[in-house]
Amino acid sequence: MADGDEAPFTRIYREHADSIYAYLRYHLADPAMAEDVTAQVFLEAWRQRETVVIDPELGWAPWLFGVARNLVRVSSRTNARHALVDTDADSPAWGVVPDPAVSHAERDERHRVLEAALTATRQLPDADREVIELCVIGSLTPKQAAAALGQPAPTVRSRLTRARRRLRALTTQILLSEEVLT
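An account of the accompanying structure is given in this report. (Residues numbered from 1 in each chain as written. Predicted model: local features only at pLDDT ≥ 70, side-chain atom pairs only at ≥ 80, totals over all residues. Heavy atoms only, no water.)

Digging into the overall build of the chain
Note the threshold: Here a strand is any run of E in DSSP of at least two residues, a helix any run of H or I of at least four, and the numbering for each starts at the N terminus. Residue contacts follow a heavy-atom distance rule, with two residues in contact if any of their heavy atoms lie within 4.5 Å. With residues, only the protein chains shown are counted as cover, and all accessible areas are computed by Shrake-Rupley using a 1.4 Å probe.
For the chain, the count of helices and strands is seven helices and zero strands. Reading the chain from its N end, one meets helices and strands in the order α-α-α-α-α-α-α. Contacts in the chain between residues far apart in sequence, at least 24 positions, make up 66% of those at least 6 positions apart. Looking at the chain as shown, the accessible area adds up to about 10,400 Å², and 54% of this sits on carbon and sulfur atoms.

Regarding unusual backbone geometry
Here Ser139, not a glycine, exhibits a phi torsion of approximately 65°, which is positive. The residue Ser139 is located in the loop between helix H5 (126–137) and helix H6 (142–149) in this model.

Comments concerning the packing of aromatic side chains
How two aromatic rings sit relative to each other is given by the distance of their centres and the angle of their planes. Put simply, the test is: Only rings of Phe, Tyr and Trp enter the pairing, Trp through its six-membered ring, and a pair is recorded when the two centres are within 6.5 Å. The plane angle decides the type: under 30 degrees is stacked, over 60 is edge-to-face, the rest tilted. Whether a residue is buried, partly exposed or exposed follows from its accessible area with a 1.4 Å probe, protein chains only, as a fraction of its type maximum: under 20%, in between, or over 50%, in that order.
This structure, assessed with the given rule, holds five aromatic pairs. Here Phe9 and Phe42 contribute two aromatic rings whose centre-to-centre distance is 6.4 Å and whose plane-to-plane angle is 80°, an arrangement assigned as edge-to-face. You can see Phe9 sitting in helix H1 (residues 6–27) and its partner Phe42 sitting in helix H2 (residues 31–47), a full 33 residues away along the chain. Judged by relative accessible area, which is 3%, Phe42 ranks as buried.

A few points about the packing of H1 against H2
Heads up, the rule is: Working convention: axes come from line fits to C-alpha atoms, limited for helices to the stretch in contact. Angles between N-to-C directions cover 0 to 180 degrees. Crossing handedness is read from the near helix: turned anticlockwise from the far helix by less than a right angle, it gives a left-handed crossing, and turned clockwise, a right-handed one. Each residue is assigned to one of three groups, with Ala, Val, Leu, Ile, Met, Phe, Trp, Tyr, Cys and Pro labelled nonpolar, Asp, Glu, Lys and Arg labelled charged, and all others, Gly among them, labelled polar.
Across the interface, H1 lies against H2 with an axial gap of 9 Å and an inter-helix angle of 145°. Note on packing geometry: the crossing formed by H1 with H2 is right-handed. Where H1 approaches H2, its residues Glu6, Phe9, Ile12, Tyr13, His16, Ala17, Ile20, Tyr21, Leu24 and Arg25 are matched on the opposing element by Pro31, Ala34, Glu35, Val37, Thr38, Val41, Phe42, Ala45 and Trp46. Taken together, the residues of the contact of H1 with H2 break down into 14 nonpolar, two polar and three charged.

See the structure below:
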C-alpha cells in the first residue's frame, strides 16, 4: 500500500468500514456525520500509508479505531450536538435492519431491550464504556482494543468482563424499573 497500490487499501476498507461506521454511528447523533467521519478515518489511513506501522498479528483494526476515537473527540469538542447518540425510537440502532420475519411484538421487545442496553452503556464508567464500545459495538478482540487504547491486553480483558457484568445488571435494572412503571 505504501507505493500507492489501491488493492490492499480496498481490502482493508471492505474488511473494516462497517465496524468503524457502527462505532461512529453509536457515538455521533447523525448517520450522515458517521458516514463522513468513517470516510475521514480511511482518508487518514491513505494519507499515512507510508509511515504507519501495523502489527501483522493485530491488523489494521486497532489503528483505525484509534483514529476513529480521536475524530469522535474532536467532533464532540467542536460541536455539542454531535455528542453521544440519543437513538431515535423509530430508527434501528447501530444500522441494524429489522428482520421482516420477526413479529411486531418480538421486534418491540428487542427494541426495548436494546434501548435499555444503550441507556445502561451510557451509565458505565468511561473506561468500561470505552471497552464495550470497541469490543461489542466495534467488534474488536480484547487484544486489538488494548492496542487501540494503548493499554495492556489483560487490563482490557478484565475491564471487558467487569463491564459486561455491570451492563447486564444495569440493563436488567432498567427493564425491571420499566415493568414496575407500566
